[in-house]
There are 2 protein chains.
Amino acid sequence: MFAPHPPPDMVQVPIDGPDVTEVVASLGFGHTLQRRPFSADPERLSFSSYKQGNVANFSIIDSTLREGEQFANAFFDTQTKIRIAKALDAFGVEYIELTSPAASEQSRRDCEEICKLGLNAKVLTHIRCHMDDARIAVDTGVDGVNVVIGTSSFLQEFSHGKDIAYITKTAIEVIEFVKSKGLEIRFSSEDSFRSDLVDLLSIYQTVDRIGVNRVGIADTIGCANPRQVYELVRTLRGVISCDIEIHLHNDTGMAIANAYCALEAGATHIDTTVLGIGERNGITPLGGLVGCLYAANPEYVKDKYNLPMLRELEDLVAQAVEVKAPPMNYITGSCAFTHTAGFYPHPPTLSNPAIFEVVNPEDFGMTRRIRSVPAV
Amino acid sequence: MFAPHPPPDMVQVPIDGPDVTEVVASLGFGHTLQRRPFSADPERLSFSSYKQGNVANFSIIDSTLREGEQFANAFFDTQTKIRIAKALDAFGVEYIELTSPAASEQSRRDCEEICKLGLNAKVLTHIRCHMDDARIAVDTGVDGVNVVIGTSSFLQEFSHGKDIAYITKTAIEVIEFVKSKGLEIRFSSEDSFRSDLVDLLSIYQTVDRIGVNRVGIADTIGCANPRQVYELVRTLRGVISCDIEIHLHNDTGMAIANAYCALEAGATHIDTTVLGIGERNGITPLGGLVGCLYAANPEYVKDKYNLPMLRELEDLVAQAVEVKAPPMNYITGSCAFTHTAGFYPHPPTLSNPAIFEVVNPEDFGMTRRIRSVPAV
């Protein structure tokens, strides 16, 4: 396995070492910079106009205890679920989504237990668009219900065989029932990127008018690409007034970028799981997304979340599902802030490694390392 | 560690099982579909107009033996380099990029050895924009030279302190020298997304006019986002006529998506490394990128690359750098094609798991698995 500690030829560079101003002065360039060069500074980016939409105005719905339960090696007992829920809450996610209480008696009891913890995060449960499930859900003590139904032609054929008129009728019944109980409600399609666009917009407009809190878009199979996500969310933003949540599978490795583009286009809520665990190879990972949004707006993200806790949270979940995050994991990987000096063309690495960092490791409780490779 | 074999409650589903046509017939829906529902089929995507540019017309420049050498735990001896080069060639990448022969005497000798292998892939080496390095490079037997120079204001200050006029003058000298030797040449900026756009376009236009084969854009610090990449590449595409290569670091987890958007905008060459290894947490991973581009155009990607060899190639590099790819790795992860049945709302999983797959596991020599979670 990868060595957890730096080999002897690595040095740890203190974060409170000389900053750019001092380095510039020492190099004799005769002027100073006003701040450290993390590229998140909009003044330093030629294309800063792209930092738009809700990139600095969003909520995270962490689904480690729902989507994550569908990961190949996830078997969470009640105590593990409680530990994960408390850790997510301490990290600062705005919402925690739980497996449907209609899935099993154990799921129902666990849902009730987590609702009793008195977390700051709102607790949601994720149910089918069906009155039977809705009745069970509202009795658990959750703050809100995330309703989902398949709307793509594939799912209409293979999943429930319902047509759009029937879907709409059922959605209205469930939404009005949940709202009558004073709970928050989201209505989501499934496999949204293979659904008929007119059907999709029609259903969303209907549920928006009857007062749903959020609609959800789901890339259930992980087929979407960033500009496609941007366009769908922006189109939707133009026809509804409620919030927009997005759930993105990572089969082709674009789930973080797709989430970023969804926020640019006006989405308000992003689904994540710790380490991205979920069906197949999972969804948008919490750590990667937070790192990405930090790079765009460090102050906003530092204020919202307990960033130095990220690694502990990831370790907790990694242990629960018996996986090991790779050394190249975003932010918390053992080599995420390891710079190699000695190869061309990187002469400035040793003198000022921060030039090559979009994330300040100190903000995540991480340490920068320099690996020196002597010429042979 | 994660179990390499499926636990007892998993079943392996043969790929040559019933296809969608048969499933539809068996469900009695009274009509058939023409093909299996991998979403890559443009007819099934509402947003297929976004499949544009060079998404099905690109070359891969694999830099495992250059960028990958800068990974925290990479120490490749000559025999390991040769094994990796041969495996990359057998997989079918169009280019293999090697560490500068000016970096060390060992690098120079290894470069010569790999050039003598008679690979189908073109062999490149990556050098500073400097005549000393260029003279050493052209004598190694490489097919081409990838020249790089820092153009961002940070690198102008901290790296070499050269201004743009000087950069341009040096670039012309090096390019004309390499071309005079009959070799392919690319000229790349470094840290392109923090460089001044007018400087950047001005230099690229100059080198394009003197006949460079490619220009390169590099997101050296991993700060770029997909729509930003699209815009920069598209802008560049409008002012030059040569090929465009892009090199994308993965600090914020968007390197695959950024590569995809670069191709949409007209880039022609994408830099990868096996498992994404490189400086810090690395660059666009070869496997993830190939999976992503397969999802867009399966036939094109299947024709170009030996896809069932991907896992073996990844295992070879993983062993060389002593890392273990996580179970949620794109395509080759042990759970990439593991579906969980038993949780709502996924009733169709067991009857037709391909509904939820954007990649046909068979094409990569992988196996689909169903994990059954009995209700408690």
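- Taking an unreviewed UniProt entry as the reference, chain A is identified by name as homocitrate synthase belonging to Lentinus tigrinus ALCF2SS1-6.
- The heading Catalytic activity (unreviewed entry) in the UniProt record of chain A holds the text "acetyl-CoA + 2-oxoglutarate + H2O = (2R)-homocitrate + CoA + H(+)".

**Comments concerning the sheet that holds strand S5 (residues 144-150) of chain B**
All names here are of chain B.
- The eight strands are arranged S2-S3-S4-S5-S6-S7-S8-S9 in a closed barrel whose pairing can be described as parallel. Averaged over all neighbouring strand pairs, the angle between strand axes comes to 25 degrees, with direction disregarded.
- Sheet topology note: the S5/strand S6 (residues 184-190) ladder contains seven bridges and is parallel. In the sheet register, Asn146 faces S6, and the bridge partner there is Arg186.
- Packing against the sheet, helix H9 (residues 255-265) makes contact with strand S8 (243-248) and strand S9 (269-272), and its axis sits at approximately 170 degrees to S8.

**Regarding the domain arrangement of chain A**
All names here are of chain A.
- When cut into domains, chain A gives domain 1 (59-320) and domain 2 (338-372).
- On a C-alpha basis, the centres of domain 1 and domain 2 stand 36 Å from each other.
- Each partner contributes residues to the interface: domain 1 has nine residues there, and domain 2 has seven residues.
- Roughly 670 Å² is buried in total at the junction of domain 1 and domain 2, and carbon and sulfur atoms are behind 68% of that figure.
- Remark: the boundary between domain 1 and domain 2 carries one salt bridge.
- Note that Lys302 and Asp363 form a salt bridge whose closest N and O atoms lie 3.5 Å from each other.
- Remark: the boundary between domain 1 and domain 2 carries two residue pairs in polar contact (both at pLDDT 80 or more).

**Things to note about the packing of helix H2 (residues 78-91) of chain B against helix H12 (residues 310-320) of chain B**
All names here are of chain B.
- Closest axis-to-axis distance for the H2/H12 pair is 10 Å, and the angle between their directions is 165 degrees. Our classification of the angle between H2 and H12 gives roughly antiparallel. Handedness of the H2/H12 crossing: left-handed. On H12, the residues touching Thr80, Arg83, Ile84, Ala87, Leu88 and Phe91 of H2 are Leu310, Leu313, Leu316, Val317 and Ala320.
- The residue makeup of the contact of H2 with H12, split by class, is nine nonpolar, one polar and one charged.

**What to know about the sheet that holds strand S4 (residues 122-128) of chain A**
Residue and element names in this part refer to chain A.
- Pairing is parallel around the closed barrel formed by eight strands, whose spatial order is S2-S3-S4-S5-S6-S7-S8-S9. Here the average twist between neighbouring strands, direction ignored, is 25 degrees.
- In this sheet, strand S3 (residues 95-98) lies alongside strand S2 (residues 59-62) in parallel orientation, the contact comprising two bridges. In the strand pairing of S3, Ile61 is matched with Tyr95.
- Helix-sheet contacts for helix H8 (residues 226-239) involve strand S7 (214-219) and strand S8 (243-248), and the interaxial angle to S8 is about 155 degrees.

**A look at the nonpolar core**
- Counting residues in each nonpolar core, the largest one holds 220 residues, and the members touching the most others are A:Phe91, A:Phe187, B:Phe91 and B:Phe187.
- Here the element with the most residues in this core is H9(B); it accounts for nine residues.
- Contact partners of A:Phe91, with chain neighbours within four places excluded, come to A:Leu286, A:Val290, A:Lys304, A:Tyr305, A:Asn306, A:Leu307, A:Met309, A:Leu310 and A:Leu313.

**Observations regarding the side chain of A:Thr284**
All names here are of chain A.
- Looking at where Thr284 falls in the secondary structure, it is placed in the loop between strand S9 (269-272) and helix H10 (286-296).
- On the basis of relative accessible area, Thr284 is assigned to the buried category, the value being 0%.
- Residues contacting Thr284, with those up to four places away along its chain left out, are Leu248, Ala255, Ile256, Ala259, Asp271, Thr272, Thr273, Gly276 and Leu289.

So, how was this worked out
- Residues numbered from 1 in each chain as written.
- Chains lettered and ligands numbered in written order.
- Predicted model: local features only at pLDDT ≥ 70, side-chain atom pairs only at ≥ 80, totals over all residues.
- Heavy atoms only, no water.
- UniProt positions renumbered as here; feature names shortened; annotations may be inferred.
- Pairing = 2+ DSSP bridges.
- Helix = DSSP H or I, 4+ residues; strand = E, 2+ residues; numbered from the N terminus.
- Axes fitted to C-alpha atoms, helices over the stretch in contact; angles between N-to-C directions.
- Contact = heavy atoms within 4.5 Å.
- Domains from an automatic or database assignment.
- Buried area = accessible area lost by both parts, 1.4 Å probe.
- Salt bridge = Lys/Arg side-chain N within 4 Å of Asp/Glu carboxyl O.
- Polar contact = N/O pair within 3.5 Å; in protein donor to acceptor, adjacent residues only side chain to side chain.
- Parallel < 35°, antiparallel > 145°, perpendicular 65-115°, else oblique.
- Left-handed = near helix turned anticlockwise from the far one by under 90°.
- Nonpolar A, V, L, I, M, F, W, Y, C, P; charged D, E, K, R; others polar.
- Core = buried A, V, L, I, M, F, W, Y, C linked by side-chain atoms within 4.5 Å.
- Buried < 20%, exposed > 50% of the residue type's maximum accessible area, 1.4 Å probe, protein only.

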